[in-house]
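# A closer look at the structure
Residues per chain, in single letters:
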Amino acid sequence: MRSIVLGGAGFIGSHLVDRLLARGDEVVAVDSLLTGRRDNADRNGGNPRYQFLQHDICRPIPVDGRAEAVFNLASPASPIDYAKLPLETLDVGSMGTRQALDLARRAGATLIHASTSEVYGDPLEHPQREEYFGNVNPIGPRSCYDEAKRFAEALVTSYARVHRLPARIARIFNTYGPRMRADDGRVVPAFVTQALRGEDFTVFGDGTQTRSFCYVDDLVSGLLALQEKGDSRPVNLGNPREMTLIEFADTIRKVVGKGGRVRSVRPLPENDPKQRRPDITRARTLLGWEPKVSLEEGLAPTVAYFRRELAL
Ligand code: NAD
Ligand code: UDP
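A few words on the site of ligand 1. Not every one of the 28 residues close to ligand 1 is listed here, only the nearest: Phe11, Ile12, Asp31, Thr35 and Tyr145. Contact between ligand 1 and Leu34: an oxygen atom at 2.9 Å from a main-chain N or O atom of the residue. The contact in question runs from an oxygen atom of ligand 1 to an N or O atom on the backbone of Ser75, over 3.3 Å. Its free accessible area being 820 Å², ligand 1 has 96% of it covered by the protein chains. Residue assignment for the shell around ligand 1 shows that the elements contributing at least two residues are helix H1 (11-22), strand S5 (110-116) and helix H5 (143-163). Broken down by element, the residue count for the shell around ligand 1 peaks at three residues, all from S5. Looking at side-chain class alone, the shell around ligand 1 contains 13 nonpolar, 11 polar and four charged residues.

Here it is, written out as structure tokens:
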């Protein structure tokens, strides 16, 4: 099998590349390194089945030949990244997704597109099922990301219909693990690095907002199951164990063995979802997939990774 991973030098993309190589695939990773890391791009450099191409996927993607799968993970993903890069985020969701589709069509491949729970916005339905249309502010601070991802879903769906392209949409919920950037601003790197330094946890709002955290290995298994068994409908991929940020900080304090107090440092950012939990019934029935790694099990290698990153 030959697989192409767009966004292959990113956090999830690099784990996916490792798993595809382990599966025996030939892998081409394409990434502009906008928010990804050269280290991730180079980590499989010695493998003759691996090739890396630095390229912005908003322009035609210069990869020739047949492939079984094109995974499209290219996009800034953390709130501070897309706040800094709003136009790049909109471009990659629109023009980049279009190039990904054209590439998949040329290669005779299935497109597996990384969408997000952000398509549900600040959800008024809980837990979120794929049938829910969402509650998104089209001009708010998160809209560059949310609407780019919603547009991308519309584009993938229409393109697949018009060109009879096999396409899959993964709605990914908060995912964590080694290789996240310590400074990406997301709550997992923020809280783990704060605990390791013995600092207080910087909570936005009062900490009662909820999230559900999925370990990256589980998420990658979900993407592979989606490639194999999915159909044209979007599928939620995430861990349904939901907790408040206060409970999350407590869990991290236990796993790290230290950490300060929970301190509210600023109001909840505008449009920050107050609750989030995936309904994964479709993933269970269609793909036979569900997460296997508990939060405590997933945090152990994540904490070890951040300890090395911070040289602590
Ligand atoms: P990441 O920032 O680590 O990875 C994204 C990669 O895409 C980076 O390596 C970046 O350089 C690359 N990229 C961005 N724009 C590009 C362009 N125009 N051309 C080529 N490469 C480009 O983020 P991640 O957390 O690994 O997220 C991967 C995908 O999964 C994203 O599409 C994101 O929206 C989606 N997702 C992630 C999460 C999560 O919790 N991590 C949740 C929901 C959805
Ligand atoms: N958050 C926080 N402190 C931080 C970083 C994030 O309280 O240092 C909150 C953020 O406001 C949100 C939740 O943690 O309510 C998850 O944020 P993250 O950026 O990880 O992902 P999101 O789910 O918002 O995309």
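The next point concerns empty space enclosed by the protein. Counted according to the given criterion, the structure contains two cavities of 30 Å³ or more. Its volume calculated, the largest cavity comes out at about 70 Å³. Lining the largest cavity are 14 residues, and of these Ala74, Ser75, Gly93, His113 and Lys149 lie nearest its centre. Of the residues belonging to the lining of the largest cavity, the class tally is seven nonpolar, six polar and one charged. The calculated volume of the second largest cavity comes to roughly 30 Å³. If you trace the second largest cavity, you find it lined by Phe213, Asn239, Arg241, Met243 and Leu295. Class assignment for the residues of the lining of the second largest cavity results in three nonpolar, one polar and one charged.

Let's shift gears to the site of ligand 2. What surrounds ligand 2 is a group of 18 residues, the closest being Val187, Thr202, Arg211, Asp272 and Arg276. For ligand 2, an oxygen atom lies 3.0 Å from a polar atom in the side chain of Gln209. Protein coverage of the free-state accessible area of ligand 2, which is 520 Å², stands at 94%. Listed by contribution, the elements that provide at least two residues to the shell around ligand 2 are helix H6 (187-196) and strand S8 (201-204). Classifying every residue of the shell around ligand 2 gives eight nonpolar, four polar and six charged.

By definition, the strands of a sheet pair up through backbone hydrogen bonds, in either a parallel or an antiparallel sense. Across the sheet, which stays open at both edges, the seven strands sit in the order S3-S2-S1-S4-S5-S6-S11 with parallel pairing between neighbours. Strands with a single pairing partner mark the edges of an open sheet, and in this sheet they are strand S3 (50-54) and strand S11 (235-237). When strand polarity is set aside, the average angle formed by the axes of neighbouring strands in this sheet is 20 degrees. The pairing of strand S6 (residues 167-172) with S11 spans three bridges and is parallel. Within S11, the residue paired with Ala170 across the bridge is Val235. Running over the sheet, H1 touches strand S1 (2-6), strand S2 (26-31), S3, strand S4 (69-72) and S6 and is turned about 170 degrees from S1. Contacts from H5 reach S5 and S6, with the element oriented near 155 degrees to S5.

Right, let's get into the pattern of salt bridges. Going through the model one piece at a time under the given rule, you end up with 27 salt bridges. For Arg23, the salt bridge identified is with Asp25, shortest N-O distance 2.8 Å. Here Asp102 and Arg98 are joined by a salt bridge, their closest N and O atoms 3.5 Å apart. Of this pair, Asp102 and Arg98 both sit in helix H4 (residues 86-107), four residues apart, which is roughly one turn of that helix. With a relative accessible area of 38%, Arg98 lands in the partly exposed category. Among the ionic contacts, a cluster of salt bridges with common partners joins Glu118, Arg142, Arg211, Asp272 and Arg276.

Moving on to the nonpolar core. Membership of the largest hydrophobic core comes to 60 residues, with the highest contact counts inside it found for Phe71, Leu223, Leu237 and Ile252. Looking at this core, the element that brings in the most residues is helix H7 (residues 216-229), giving seven residues. Among all residues touching Leu237, those that are not within four sequence positions of it are Ala170, Arg171, Ile172, Phe173, Leu219, Gly222, Leu223, Ala283, Leu287 and Trp289. With 26 residues, the next largest nonpolar core counts Leu6, Cys58, Ala107 and Tyr159 among its residues.

For H4, spanning 22 residues, the distance from its first C-alpha to its last is 30 Å, which sits close to the expected 32 Å at 1.5 Å a residue. In H4, a bend of some 35 degrees at Val92 exceeds every other bend along the element. For H4, every residue scored as buried is listed here: Thr89, Val92, Gly93, Gly96, Thr97, Gln99, Ala100, Leu101, Leu103, Ala104 and Ala107. Of the surrounding secondary structure, the elements contacted by the buried residues of H4 are S1, S4, helix H3 (79-84), S5 and H5. Count one or two residues on from H4 and you reach Gly108, which has phi positive near 70 degrees.

One pass over the full model with this rule turns up eight aromatic pairs. Measuring from ring centre to ring centre gives 4.4 Å for Tyr82 and Tyr145, while their planes differ by 5 degrees; the resulting arrangement is stacked. Within this pair, whereas Tyr82 is found in helix H3, its partner Tyr145 is found in helix H5, the two being separated by 63 residues in sequence. Accessibility expressed as a relative area gives 7% for Tyr145, which makes it buried. An aromatic cluster is defined as three or more aromatic residues linked by ring pairs; in this entry it consists of Phe191, Phe201, Phe213 and Phe248. When the ring centre of Phe204 is taken as reference, the NZ or CZ atom of Arg266 above it lies at 4.5 Å.

Scoring rules and cut-offs
- Residues numbered from 1 in each chain as written.
- Chains lettered and ligands numbered in written order.
- Predicted model: local features only at pLDDT ≥ 70, side-chain atom pairs only at ≥ 80, totals over all residues.
- Heavy atoms only, no water.
- Near = heavy atom within 4 Å.
- Polar contact = N/O pair within 3.5 Å; in protein donor to acceptor, adjacent residues only side chain to side chain.
- Areas by Shrake-Rupley, 256 points an atom, 1.4 Å probe, with all protein chains shown as cover.
- Helix = DSSP H or I, 4+ residues; strand = E, 2+ residues; numbered from the N terminus.
- Nonpolar A, V, L, I, M, F, W, Y, C, P; charged D, E, K, R; others polar.
- 1 Å grid on protein atoms, 1.4 Å probe; cavity = no way out; pocket = protein on both sides within 12 Å on 5 of 7 lines; lining within 4 Å.
- Points joined across faces, edges and corners; volume = space filled by probe spheres on them.
- Pairing = 2+ DSSP bridges.
- Axes fitted to C-alpha atoms, helices over the stretch in contact; angles between N-to-C directions.
- Contact = heavy atoms within 4.5 Å.
- Salt bridge = Lys/Arg side-chain N within 4 Å of Asp/Glu carboxyl O.
- Buried < 20%, exposed > 50% of the residue type's maximum accessible area, 1.4 Å probe, protein only.
- Core = buried A, V, L, I, M, F, W, Y, C linked by side-chain atoms within 4.5 Å.
- Expected span 1.5 Å × (residues − 1).
- Bend = angle between axes of the 7 residues up to and from the residue.
- Phe/Tyr/Trp six-rings, centres within 6.5 Å; stacked < 30°, edge-to-face > 60°.
- Lys NZ or Arg CZ within 6 Å of the ring centre and 35° of its normal.

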